[in-house]
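Structural characterization, general
The lines below spell out each chain.
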Amino acid sequence: MMRSFLLASVAATVVLLLVNLFVFPLVFGAGMPVPYANLRAEPQLALHAVALLVTGGLLSAICGRGPAGIGPASVTGALCGLLASLPSGLHTLAMVELAASAQIAPILWTTVTWGLAGSTAGAVYGRQAAISA
């Protein structure tokens, strides 16, 4: 079980890293659509990497509790992404003057990328279950 979790965590983290490195700049070329005060001139990439590692590990732990496979884990990952991003976006709207539409892209981004990470973890768990059988 621990081996499956570690493999799923690494795989989900790699997917998150690749998507955020290569697809994020295409989708958000000018940066996030929300103007934040005190925005750093250069992001702390190591902290981003840690956040993605934590996300990959936590999603793998959650997806490992349900049925193995890409479909169920994809839904679980997407729901976790929505659970994390939608309330956060609403809290941002409650505190910052900006158009509600500015929160749509970040919420969709998190929901979709976490769904991809969940499906990756589910594929690893499914493969490990098949090997064990």
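It should be noted that the structure appears before, not after, this text.
A brief structural summary.

About the criteria used
- Residues numbered from 1 in each chain as written.
- Predicted model: local features only at pLDDT ≥ 70, side-chain atom pairs only at ≥ 80, totals over all residues.
- Heavy atoms only, no water.
- Helix = DSSP H or I, 4+ residues; strand = E, 2+ residues; numbered from the N terminus.
- Contact = heavy atoms within 4.5 Å.
- Disulfide = S-S within 2.5 Å.
- Buried < 20%, exposed > 50% of the residue type's maximum accessible area, 1.4 Å probe, protein only.
- Phe/Tyr/Trp six-rings, centres within 6.5 Å; stacked < 30°, edge-to-face > 60°.

Looking at the side chain of S9
Along the chain, S9 falls in helix α1 (residues 2–27). Setting aside anything within four residues of it in sequence, one finds S9 in contact with G56, G57 and S60.

Observations concerning the state of the cysteines
One pass over the full model with this rule turns up zero disulfides. Take C63: it sits in no disulfide, and the sulfur closest to it among the cysteines is that of C80, at 6.5 Å. When its relative accessible area of 4% is taken as the criterion, C63 is described as buried.

Comments concerning the packing of aromatic side chains
A ring pair, where both rings are aromatic, is described by two values, the distance of the centres and the angle of the planes. Throughout the structure, instances matching the rule amount to three aromatic pairs. Measuring from ring centre to ring centre gives 5.5 Å for F24 and W109, while their planes differ by 80°; the resulting arrangement is edge-to-face. Of this pair, F24 sits in helix α1 while W109 sits in helix α4 (residues 104–132); the two residues are 85 residues apart in sequence, bridging distant segments of the chain. Plain terms: the ring middles of F28 and W109 are 5.8 Å apart, the flat faces sit at 80° to each other, and that makes the pair edge-to-face.

Re the environment of L108
On the secondary structure map, L108 appears in helix α4. Under the relative-accessibility criterion, L108 is labelled exposed at 51%. In this structure, the C-alpha to C-alpha distance between L108 and L82, residues 26 residues apart in sequence, is 7.9 Å.

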